[in-house]
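Residue-level structure breakdown
Given next are the chains, with one letter for each unit.
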Amino acid sequence: MFFSLSKKILLTILAFLGLSAFLFVIFFDNVIGKKIRNEQSNLITRNQYVIELLNENISLRQKIGKLQSQTTTDASLTQKKEELSREKKLNEELTQNYDESYATIQESLRILGLSATLTFLALFILWILLKRWVISPVDKLTELSIDVANGNFNKRLKINKGNYTDEFNTLMQTINFMLNNIENNINEIKEKEVFLQSLIDTLPDAIRVIDENYNIILYNKAYAEYIKKQYLFSSPKCYGAYSKDNQCPCNATQYICPLKELKAKNKNTLKIIHSINNRPLSINSARIHLNGQYGIVESIRDLSDNVNYSHQQKISSLGFLATSLAHEMKNNLGAINMILDGILQKYYTNTNNNEEKQYLEMISNQIKDCIKVPERLLKLSRNTEQTNTAFNVTTEISDILSLLDYEIKSKGIVLTKNFSNSKEKIYGNETDFKMIILNLVQNAIHAMPNGGNLEIKTNTNKENLIISIKDSGCGIPASAIKHIFEPFFSASSTGEKKGTGLGLAIVKDLVVKLKAQINVTSQENVGTCFEITIPRHKPQKTLVK
C-alpha cells in the first residue's frame with residue numbers, strides 16, 4: 001500500500017508529540033504529584049494526632065482541675081486552649097499551603113498545555129515547510145519518473161526561479177538536462193532505425209534477424225509480403241513461419257535449422273533450400289552478434305521467380321529456334337513441294353497406276369510432314385501468355401513425342417503408348433502442359449543412354465486424369481528424391497549427367513499452375529515413374545431456353 005511521505009512525517013510528529021506529553025504527565029504525576037499527596041497525607045495525620053493529644057490533655061486537665069483549686073486550673077486550661085488554637089491555626093496554614101501547592105500544579109499543567117500547543121504549532125509550521133521544500137519536489141520527481149517509466153520523455157520538471165536555490169533545484173536541473181540528452185539519443189536511435197528499416201525494405205529478398213532464442217527481432221517489407229502471399233506464416237518465432245503447427249524449433253528430419261547448424265559447426269554462412277507451401281525458398285544465413293548474444297540474419301528468396309524466368313527463357317529460345325526453322329525449312333521445303341505438285345499436275349494428271357507418280361506423291365507427303373515439324377515448334381512457343389483453354393491430352397502428348405521421335409529411336413528406346421481415352425480433355429495452359437511432358441520425356445531419354453523401355457499411358461477416374469511416364473533407366477537415389485524438384489538441384493550430385501537443375505523445378509511449378517499433383521517413384525538400376533494427377537475438364541452445360 002502506498003503511504004505518502006507527507007503523511008509519514010505528519011503522523012510521526014503527532015506521535016512524537018503525543019508520546020512526549022503522555023510521558024511528561026506520567027512522570028510529573030508519579031514523581032511530584034505523588035510526593036505532594038504523601039506530604040499532605042502525613043501532615044493531616046500529624047495535625048489530627050496533635051489535636052487529639054491536645055483534646056485529651058485538655059480533658060485530663062479539666063478533670064484534675066476539679067480536684068485542685070479553680071484558679072490554677074483556669075490558668076492552665078487557658079494556656080492549653082491557646083496552644084490548641086495555635087495548632088488549629090497552624091493546621092489551617094498548612095492546609096492553605098497545600099492548596100496553594102496544588103494550585104501551582106494546576107498552573108504548571110496549564111503552562112504545559114500551552115507549551116504543547118505552541119510546540120504543535122511549531123511542528124505544524126515545520127511540516128508545511130518540509131512539504132514545500134522536500135515533499136513537493138519529491139512528488140514532482142515521482143510523477144516524472146512514472147512518466148519516464150511509461151516511455152514519455154517529453155515532460156520536464158518546472159523549476160521556480162528565484163534568488164536562492166537548494167539541492168532539489170540543482171537535482172531538477174540535472175534531471176531535465178539528462179532527459180534532454182536521453183530524448184535526443186532516442187530520436188537519433190529512432191532515425192537510425194527508420195533508416196535501417198528503409199534500407200532493408202529496399203532489398204528485394206525477404207530479410208529477417210533472429211536472436212539465439214529463435215525470436216524474430218527485425219524483418220523487412222519483402223518478408224511481410226511473403227506472409228501476405230502465405231509463402232510464410234506470421235509468427236514471433238522463426239520456426240513458426242514455416243508451419244502454423246510448429247511449436248518447437250525445427251529438427252533435422254523436418255527442416256535444417258540455420259541457427260543450430262551455424263552454432264554447432266562454428267560456421268559464418270550457410271545456404272539451404274526449403275520447400276514451403278510448394279514454394280522453393282532459398283535461405284542464406286550469416287552469423288551476427290546482438291548486444292553480446294548470438295544471432296543470425298537470413299535472406300530468403302523465392303526461387304519460383306528464377307524458375308519462371310528460366311522457363312520464359314526456354315520458351316523464348318524455342319520460339320526463336322522455331323521461327324528460324326520455320327523460315328528456313330518451310331520456305332525451302334515449300335518450294336520443293338510446289339515443284340513436285342507442278343510436275344504431278346503437268347505430267348501425271350491422267351496417269352493412275354504409274355509407279356513414278358506414286359513415288360513422287362510419297363515424296364510430297366514426306367515433305368508436308370517435314371513442314372509440320374517447325375509448325376509444332378511454333379505452336380509450342382507461341383502461347384507464352386497464360387491463356388487457359390480446354391485441350392485434348394492425347395493430341396498434345398503425340399505432338400511432343402513426334403518432336404522427340406528421332407532421339408527416341410536413335411537411343412534404341414522402345415516407346416509404348418497406352419491412352420485410355422483419346423478424347424479426354426483438361427483445362428489449363430496448353431503450352432505449360434507441353435513443357436511438362438517435354439521435360440519428363442527428355443529426362444526419361446537421358447536416363448536410358450543405352451536404350452530401354454519408355455511407357456506413356458493415361459487413365460481416368462471420376463474426378464482426375466492420371467498421366468504416367470515410366471522408364472527403365474538408371475533410377476534416382478533415395479536420398480535425392482526429396483530434392484529433385486528443388487531449383488538448381490542437379491543430378492551431378494549423384495554422379496550422373498550434369499544439368500542446370502531447373503527442368504524438374506519448372507515441371508513442379510507448371511504442375512501447380514494446372515492445379516495438379518506430381519509424384520515420383522524410383523529405384524536405382526530399375527527405373528523411374530512420374531505420375532501426374534490433373535483434374536478432368538467438366539464442360540459447362542448450356543441451358544436450352
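Each remark here, short or long, concerns the structure printed above.
Overview of the structure. (Residues numbered from 1 in each chain as written. Predicted model: local features only at pLDDT ≥ 70, side-chain atom pairs only at ≥ 80, totals over all residues. Heavy atoms only, no water.)

**Some details on the packing of aromatic side chains**
- For the structure on display, the rule yields 5 aromatic pairs.
- For the pair Tyr226 and Tyr231, a centre-to-centre distance of 5.3 Å together with 70° between the ring planes defines the contact as edge-to-face.
- A relative accessible area of 9% means that Tyr226 is categorised as buried.
- Measuring from centroid to centroid gives 5.4 Å for Phe391 and Phe433, while their planes differ by 50°, and the two rings are tilted. Within this pair, whereas Phe391 is found in strand β6 (residues 389-392), its partner Phe433 is found in helix α10 (residues 430-446), the two being separated by 42 residues in sequence.
- In this structure Phe391 comes out as buried when scored by relative accessible area, which is 4%.
- Given a relative accessible area of 1%, Phe433 falls into the buried group. (Phe/Tyr/Trp six-rings, centres within 6.5 Å; stacked < 30°, edge-to-face > 60°. Buried < 20%, exposed > 50% of the residue type's maximum accessible area, 1.4 Å probe, protein only. Helix = DSSP H or I, 4+ residues; strand = E, 2+ residues; numbered from the N terminus.)

**Points about the sheet that holds strand β4 (residues 279-290)**
- The 5 strands are arranged β2-β1-β5-β4-β3 in an open sheet whose pairing can be described as antiparallel. Looking along the sheet, the strands with just one partner apiece sit at the ends: β2 (216-219) and β3 (269-276). Strand-to-strand twist across the sheet, computed as the mean angle between neighbouring axes with direction ignored, equals 25°.
- In terms of strand pairing, strand β1 (residues 206-211) meets strand β5 (residues 293-302) through 6 bridges, oriented antiparallel. Bridged to Arg208 within β5 is Glu298. (Pairing = 2+ DSSP bridges. Axes fitted to C-alpha atoms, helices over the stretch in contact; angles between N-to-C directions.)

**A short note on the packing of helix α8 (residues 393-403) against α10**
- In contact at an axis separation of 10 Å, α8 and α10 are set at 50° when each is read in the N-to-C sense. Considering their axes alone, α8 and α10 lie oblique with respect to each other. Note on packing geometry: the crossing formed by α8 with α10 is right-handed. Residues Val393, Glu396, Ile397, Asp399, Ile400 and Leu401 of α8 form the contact with α10, whose participating residues are Glu430, Phe433, Lys434, Ile437, Leu438 and Val441. (Parallel < 35°, antiparallel > 145°, perpendicular 65-115°, else oblique. Left-handed = near helix turned anticlockwise from the far one by under 90°. Contact = heavy atoms within 4.5 Å.)

**Focus: the pairing of β5**
- For β5, a buried count of 7 out of 10 residues is recorded, marking the element as mostly surrounded by other parts of the structure.
- Two elements, β4 and β5, share 10 bridges in a ladder whose sense is antiparallel. Across the sheet, residue Ile288 finds its bridge partner in β5, namely Gly295.
- What sits between β4 and β5 in their antiparallel hairpin is a turn of 2 residues, with Asn291 showing a positive phi close to 50°.

**A few points about the side chain of Ser285**
- Mapped onto the elements, Ser285 comes out in strand β4.
- Not counting the four nearest positions on each side in its chain, Ser285 is found in contact with Pro258, Leu262, Asn268, Thr269, Leu270, Val297 and Glu298.

**Comments concerning unusual backbone geometry**
- The phi angle at Lys515 is positive, at roughly 60°, despite the residue not being glycine.
- Tracing the backbone through its elements, the reader meets Lys515 in the loop between α12 (503-513) and β11 (517-523).
- Of note in the backbone geometry, Asn525 takes a positive phi value of approximately 65° without being a glycine.
- Summarising the element assignment, Asn525 is placed in the loop between β11 and β12 (527-535).
- Accessibility expressed as a relative area gives 70% for Asn525, which makes it exposed.

**As for empty space enclosed by the protein**
- Going through the model one piece at a time under the given rule, you end up with 2 cavities of 30 Å³ or more.
- As a volume, the largest cavity reaches approximately 70 Å³.
- Surrounding the largest cavity, 13 residues form its lining, Arg208, Cys238, Tyr242, Pro258 and Glu298 being those nearest its centre.
- Of all elements in the fold, only β1, α5 (258-265) and β5 reach the threshold of two or more residues within the lining of the largest cavity.
- In the lining of the largest cavity, the residues fall into 10 nonpolar, 1 polar and 2 charged. (1 Å grid on protein atoms, 1.4 Å probe; cavity = no way out; pocket = protein on both sides within 12 Å on 5 of 7 lines; lining within 4 Å. Points joined across faces, edges and corners; volume = space filled by probe spheres on them. Nonpolar A, V, L, I, M, F, W, Y, C, P; charged D, E, K, R; others polar.)

**Details of the packing of α10 against α12**
- Where α10 meets α12, the axes come as close as 9 Å, and the angle between the chain directions of the two elements is 145°. Both α10 and α12 take part in a crossing whose hand is left-handed. Facing α10, whose interface residues are Asp432, Met435, Ile436, Asn439, Leu440 and Asn443, α12 presents Gly503, Leu504, Ile506, Val507, Leu510, Val511 and Lys513.
- Split by residue class, the contact of α10 with α12 holds 8 nonpolar, 3 polar and 2 charged.

**Examining α12**
- With 8 of its 11 residues buried, α12 lies for the most part within the structure.
- Where α12 is concerned, the buried positions are Gly503, Leu504, Ala505, Ile506, Val507, Asp509, Leu510 and Val511.

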